[in-house]
Amino acid sequence: MTLKELREHRQYPEQTKSDASRAAYERDYSRLIHSPTFRRLQGKSQVFGAGTGDYYRTRLTHSLEVAQIAREAARSLSRSYPEVMPEAAENAGLIIDPEVVECAAIAHDFGHPPFGHKGEEVLQGILEKLIDSKAEQIISSLPYTPTPLEAAGIREEMRQKYEHFEGNAHNFRLIMYLEKRENVNGLNLSDAVLLGINKYPFPGLVNPKGMYRHEWEYISHIREAWGIPEGHKTLEAQLMDLCDDIAYSAHDLEDGIKAGKIEVHEHFLRDSYLNKLIVQKIMTLEDEVWKGWTEDRIYPKVEAVLGEFLRVWNEKMPTCEFDYSRTRREVKAYWVSLFVGSLGVIDGDGWKKVTFVKDGAEDEDMLRTVSVLKSFAWVTMIRDLRVQRLQKRSEWIIKRLWDAFLDPVASKAIIPSDWLQRYEADQKRARPIWTWEHMVIDYIAGMTDAFAEKIYNELYGLKVGSIYDLD
């Protein structure tokens, strides 16, 4: 197969003849933006709860912004690095096509559950607890006391059965199984777009951010067919991931300033307590760019980045006629432009790398700058008192929904019939994808913030809407 054929290949043959008149990635883009999952992003939290205000970003607006940044960055890199063009690339994974990167960016947050990262954390905790509970039941039922090795084997068996929950893994569950198209499960996207979305190219049993077994079978097959080295991502996936970080570091700060959680002046940005919180956050990151760095080394970098943020703000204020709103937008645009303008392609260990480049080498200082700004946003907003209260409430909602749906007999009357039909059909397969418990997890994970709260209120009697409201 040619590189073009490899990239445009789909898991299932196309059924609709009219589709043949459109380019492969145009079809992918249409399927993504017309999908129910894409529409649901408007009801999922970015930082502040969806519906908090008409200004703040949701997962939908964030995804559109990442897609725009990624498309323009891809075009720029294609001009500067002709070796990533389809006609010059030596591998299907070493091409940067703006349409593919845009599709990947549109879909990169499809798998986020309700209530942002807190929802992801709660669902993963639920499954961890389930696995421990099931393993304990088996161990305690044995007529003898198993050795530590035998007990570990039982736990591993339960882990393989129930897997895990992770937003990126759920992303592929949605686009490759839960979405519906004609007579196949999933959106049947081209292989290039699937690998462009794949930020964590590992099975979930190897890496906690990795994929579920069912979807990994096909993704690993494509990777093998393309000849992608183990653990490496396509250039398009790398670019999409970096553009997501760029959007986080600039856009979330803009929301924080608008909300009054971030004050742009000397006393706030040079506050030693705030800087220490940012340093502590960075110390928790599993990020290669900080490897070997101690708190004493990180602190001056945090001070320098926040000092630069203040300098840019003060520089933009007069040109924006001291209009706070205009300044906020111009400062955001400055950082996005700086980061995108620093992107480049370098040689790595047997594979190419999209990263920030300076003088022909990776600009690790710029990577740390993005990391500091992301951590700054997290410390000032996620740790905010009201955001924490919202997250505590969301934790209760998700756990109570899980409790309500867990019993496969009692809960069948309160789970939509199409989900029950999909579950029954799945159980007839030679190798079922779902356990009942993971089906429930997938059902909850697909909800918007408002829908999760609505079902919670109906089940637990706080506020009941009309029975004619459609689920």
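Residues numbered from 1 in each chain as written. Predicted model: local features only at pLDDT ≥ 70, side-chain atom pairs only at ≥ 80, totals over all residues. Heavy atoms only, no water.

Relative to the assigned elements, I69 resides in helix α4 (residues 59-80). By relative accessible area, which is 4% here, I69 ends up buried. Along the sequence, I69 and D244 sit 175 residues apart, while their C-alpha atoms lie 8.7 Å from each other. Setting aside residues up to four positions removed in sequence, I69 forms contacts with C243, A247, H251, V336 and V340. (Helix = DSSP H or I, 4+ residues; strand = E, 2+ residues; numbered from the N terminus. Buried < 20%, exposed > 50% of the residue type's maximum accessible area, 1.4 Å probe, protein only. Contact = heavy atoms within 4.5 Å.)

A few words now on the packing of aromatic side chains. Within this structure, the stated rule accounts for 14 aromatic pairs. With 5.9 Å between their ring centres and 25° between their planes, W419 and W434 make a pair best called stacked. In this pair, W419 sits in helix α18 (residues 417-427) while W434 sits in the loop between α18 and α19 (436-445), placing the two residues 15 residues apart along the sequence. Taking relative accessible area as the criterion, W419 reaches 18% and is therefore assigned buried. A residue is classified by how much of its surface remains accessible, and W434, at 4% relative accessible area, is buried. An aromatic cluster is present here, built from F309, Y334, W335, F339, F356 and F376 joined pairwise through their rings. Its end group placed over the ring of W290, R368 keeps NZ or CZ at 6.0 Å from the ring centre. A cation sits over an aromatic face here: R422 above Y177, 4.8 Å from the ring centre. (Phe/Tyr/Trp six-rings, centres within 6.5 Å; stacked < 30°, edge-to-face > 60°. Lys NZ or Arg CZ within 6 Å of the ring centre and 35° of its normal.)

What follows deals with the sheet that holds strand β3 (residues 343-347). Here three strands make up an open sheet; going across it, the order is β3-β4-β5 and the pairing antiparallel. Either end of the sheet is taken by a strand with one partner, and the two such strands are β3 and β5 (361-362). Note that β3 and strand β4 (residues 352-358) share five bridges and pair antiparallel. Paired with L343 across the two strands is F356, which belongs to β4. (Pairing = 2+ DSSP bridges.)

Next up on the list: the UniProt feature "domain: HD" (unreviewed entry) in the protein. Sequence positions flagged by UniProt for "domain: HD" (unreviewed entry) are, in local numbering, residues 59-249. Taken as a whole, residues 59-249 contains 63% helix and 2% strand, while its terminal C-alpha atoms sit 15 Å from one another. (UniProt positions renumbered as here; feature names shortened; annotations may be inferred.)

Phi at N188 is positive, roughly 55°, even though this residue is not glycine. Within the element layout of this structure, N188 appears in the loop between β2 (184-185) and α9 (191-197). Owing to a relative accessible area of 7%, N188 belongs among the buried residues under this scheme. The phi torsion at F322 lies on the positive side, around 55°, for a residue other than glycine. Mapped onto the elements of the fold, F322 is located in the loop between α14 (295-319) and α15 (324-341). Note on F322: relative accessible area 59%, which makes it exposed.

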